Amino acid sequence: MPLLDKKKILCGVTGSIAAYKVCDWVRSLKRDGADVTVVMTEAGSRFVSPLTFAALTGNKVYGGMFDPEDAETIPHISLARSHDLILIAPATAQTIARLAHGLADDLLSAVVLAGEAKVVVCPAMNSKMYLHAATQENLAKLRKYGYLVIDPEHGSMACGEEGPGRLPEWDQVRNSVLGALSSGELAGKTVLVTAGPTEEPLDPVRFIGNRSSGKMGYALAARAVQLGANVILVSGPSVLTPPHGVAYVKVRTASEMYSEVMARFDVADIIVKAAAVSDFRPVEVARQKVKKTEAGLTISLMQNRDILHKLGEIKDDRPKPPLLIGFAAESENILENGRQKLQKKNLDYIVINDISADDSGFAVDSNRVTILDRHGRQTDLPLLLKEETALRIWQEVLGSESVPSGKIGQDEGADNEQ
Ligand code: CTP
């Protein structure tokens, strides 16, 4: 199921040159399954033709307050009622001022005023206009009204100036949209996620590693942010950009990962160990590059500590034990091996990856996993994009009655409502 399946998003496009970037944003929302309708201000429609958005969304693009083709409907009321989220991007100083003052003198501002949908505002303008006290005060008002304002990026602008005012990257805005539409079930919780491979050096240029890309762990971290958690992402080497909003801790070796995870053990309500940790490391690390010899090379390896095993050993010592979610990369006896790891490492859940398939497991965008919980409940997920798998894993954990009390969504003394 796409992440924004059945969601109705109204996209307000106002008069900034950055409007052209929003064409791609709309396409991405559509790819995520959303039904997107665009409302353009008069100035917005000078930058990008309404026809472009009509073609991209498959929906009529709205402009004026009054629809001469359909005198019966009052578009600002029907549009306001029928959408889950209003994304205003780019939002000019003019539109921000309108919204801050509760004006309703164009369709977009009237829709915002009449609606109950969540509002996400992405300011984009010349940096002096953005930094002006009037704009800053207006933005503060929007935040007070409960609108989510995404700070613009710093950089060079179309007008030749440099400073804050550029539209942020879509990944960041998309995360915020997904977050605004999520249930926020992890609000107030701290989630520690490990991801990626570890590298165990042999000499200054070589190492023992594995094919993990970090995609599954990063997707779980991103979704936890969207669900409102404070997320710490401890990651081995990965080319991926850490999801916006995580506290990012970069490590290289299994031993570094061990130290960083242990240092944060006490603050975590949930620990997700998606990293592919190297089980072994070379006994000796050569200080100089190892030269080739006729005799070949034998490398002696010693075992790394099993971080997850250690966490399972000590978790029950805490007054409120963290929820422990492990992963298992398996190529044979998949279920049985996964079940054994769940028990041996004292986990609440294990997510079992079949790494023998080409379209699942390491270094691909999709995954097919089975989730087992400590009571033996089994959930087989179909082949999904890793982002969707992450969504389903969190749904499973949050929706499960088997989540031990004193964990998620529960304040001191309250019942565990999952
Ligand atoms: N893990 C860990 N520390 C290690 C090895 C593994 O924390 N030194 C964690 C992984 O992050 C994962 C789980 O243990 O959540 C299972 O990892 P996996 O590689 O599937 O299994 P292993 O326990 O290493 O056993 P084996 O390699 O023999 O299958």
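Residues numbered from 1 in each chain as written. Predicted model: local features only at pLDDT ≥ 70, side-chain atom pairs only at ≥ 80, totals over all residues. Heavy atoms only, no water.

## Observations regarding a nonpolar patch on the surface
Next, step 1: A cluster of nonpolar side chains, F280, L297, I299 and L301, forms an exposed patch at the surface whose accessible area comes to about 380 Å².
Next, step 2: The topology assignment puts L301 in strand β15 (residues 301-303).
Next, step 3: By relative accessible area, which is 41% here, L301 ends up partly exposed. (Patch = residues over 30% accessible without salt bridge, like charges linked within 9 Å, V, L, I, M, F, W, Y side chains within 5 Å. Areas by Shrake-Rupley, 256 points an atom, 1.4 Å probe, with all protein chains shown as cover. Salt bridge = Lys/Arg side-chain N within 4 Å of Asp/Glu carboxyl O. Helix = DSSP H or I, 4+ residues; strand = E, 2+ residues; numbered from the N terminus. Buried < 20%, exposed > 50% of the residue type's maximum accessible area, 1.4 Å probe, protein only.)

## Brief notes about the sheet that holds strand β3 (residues 85-91)
Strands belonging to one sheet form pairs held by backbone hydrogen bonds; the direction of such a pair is parallel or antiparallel.
Next, step 1: Here we have five strands laid out as an open sheet, ordered β2-β1-β3-β4-β5, and parallel in their pairing. Two strands lie at the open edges of the sheet, namely β2 (35-40) and β5 (148-149), each paired on one side alone.
Next, step 2: Along the sheet face, helix α3 (residues 50-57) touches β1 (8-13) and β2 and points at about 170° away from the line of β2.
Next, step 3: Its contacts with the sheet put helix α5 (residues 93-100) on β3 and β4 (118-123), and the angle it makes with β3 is roughly 140°. (Pairing = 2+ DSSP bridges. Contact = heavy atoms within 4.5 Å. Axes fitted to C-alpha atoms, helices over the stretch in contact; angles between N-to-C directions.)

## Overview of the sheet that holds strand β17 (residues 349-354)
Next, step 1: Pairing is mixed across the open sheet formed by eight strands, whose spatial order is β12-β11-β8-β13-β16-β17-β19-β20. With partners counted over all chains shown, the strands left at the sheet margins are β12 (246-250) and β20 (378-380), one partner each. Strand-to-strand twist in this sheet, taken as the mean axis angle between neighbours without regard to direction, amounts to 15°.
Next, step 2: Direction of pairing for β17 relative to strand β19 (residues 369-373): antiparallel, over a ladder of five bridges.

## Thoughts on the domain arrangement of the protein chain
Next, step 1: As assigned here, the protein chain comprises domain 1 (8-181) and domain 2 (190-400).
Next, step 2: The C-alpha-based centres of domain 1 and domain 2 are spaced at 39 Å.
Next, step 3: Of the residues lining the interface, five residues belong to domain 1; the matching set on domain 2 comes to six residues.
Next, step 4: It is Q172, N175 and L178 that lose the most area in domain 1 upon contact with domain 2, and together they represent 69% of the buried surface on that side.
Next, step 5: Our count for the domain 1 to domain 2 interface comes out at one salt bridge.
Next, step 6: Its salt-bridge partner being R174, residue E387 comes within 2.7 Å of it at the nearest N-O pair.
Next, step 7: Scanning the region where domain 1 abuts domain 2 turns up three residue pairs in polar contact (both at pLDDT 80 or more).
Next, step 8: Tallied by class, the residues present in the side of domain 1 that touches domain 2 amount to one nonpolar, three polar and one charged. (Domains from an automatic or database assignment. Buried area = accessible area lost by both parts, 1.4 Å probe. Polar contact = N/O pair within 3.5 Å; in protein donor to acceptor, adjacent residues only side chain to side chain. Nonpolar A, V, L, I, M, F, W, Y, C, P; charged D, E, K, R; others polar.)

## What about the packing of aromatic side chains?
Next, step 1: Summed over the entire model, instances satisfying the criterion amount to two aromatic pairs.
Next, step 2: A centroid spacing of 5.8 Å and a plane angle of 70° characterise the contact between Y145 and Y147, whose relative ring orientation is edge-to-face.
Next, step 3: Its guanidinium or amino end placed over the ring of Y258, R305 lies 3.6 Å from that ring's centre, counting from NZ or CZ.
Next, step 4: Over the face of the ring belonging to F265 we find R318, whose NZ or CZ atom lies 5.1 Å from the ring centre. (Phe/Tyr/Trp six-rings, centres within 6.5 Å; stacked < 30°, edge-to-face > 60°. Lys NZ or Arg CZ within 6 Å of the ring centre and 35° of its normal.)

## Considering the nonpolar core
Next, step 1: If you look at the biggest cluster of nonpolar residues, it comprises 34 residues, and the most contacted ones within it are I9, V22, W25, L29, F53 and L87.
Next, step 2: Among the elements that line this core, the one with the most residues is helix α1 (residues 19-31), at six residues.
Next, step 3: Those residues within four positions of L87 in sequence are excluded, and the remaining contacts are I9, L10, C11, G12, W25, L29, V120, C122, W170, V173 and V177.
Next, step 4: One finds L220, L227, L323 and L384 within the second-largest nonpolar core, a separate group that totals 32 residues. (Core = buried A, V, L, I, M, F, W, Y, C linked by side-chain atoms within 4.5 Å.)

## Digging into the side chain of T95
Next, step 1: With respect to the secondary-structure elements, T95 resides in helix α5.
Next, step 2: Accessibility expressed as a relative area gives 4% for T95, which makes it buried.
Next, step 3: Residues in contact with T95, not counting those within four places in the same chain, are T14, T41, I88 and L108.

## Quick notes on the pairing of strand β7 (residues 162-166)
Next, step 1: Strand direction decides the pairing type here: strand β6 (residues 153-156) and β7, joined by four bridges, are antiparallel. Pairing of G155 across the sheet is with G163, part of β7.
Next, step 2: With antiparallel pairing between neighbouring strands as the criterion, β6 and β7 make up a hairpin whose turn holds five residues, including G160 at a positive phi of roughly 95°.

## A look at the site of the ligand
Next, step 1: The environment of the ligand is formed by 14 residues, the closest being K273, A275, F327, K341 and K345.
Next, step 2: D279 is positioned with one of its side-chain polar atoms (N or O) 2.9 Å from an oxygen atom of the ligand.
Next, step 3: Between an oxygen atom of the ligand and a main-chain N or O atom of L308, the distance comes to 2.9 Å.
Next, step 4: Against a free-state accessible area of 570 Å², the protein chains account for coverage of 77% of the ligand.
Next, step 5: Those elements giving two or more residues to the shell around the ligand turn out to be α12 (307-314) and β16 (323-330).
Next, step 6: Here the shell around the ligand gets four residues from one element, more than from any other, and that element is β16.
Next, step 7: Partitioned by chemical class, the residues of the shell around the ligand number seven nonpolar, one polar and six charged. (Near = heavy atom within 4 Å.)

## Looking at the packing of helix α10 (residues 215-226) against helix α14 (residues 386-399)
Next, step 1: In the contact formed by α10 and α14, the axes pass within 8 Å of each other and the chain directions differ by 55°. By the angle between their directions, the pair α10 and α14 is classed as oblique. Between α10 and α14 the crossing geometry is right-handed. Here K215, M216, A219, L220, R223 and A224 of α10 lie close against α14, whose contacting residues are K386, E387, T389, A390, L391, I393 and W394.
Next, step 2: Taken together, the residues that form the contact of α10 with α14 break down as eight nonpolar, one polar and four charged. (Parallel < 35°, antiparallel > 145°, perpendicular 65-115°, else oblique. Left-handed = near helix turned anticlockwise from the far one by under 90°.)

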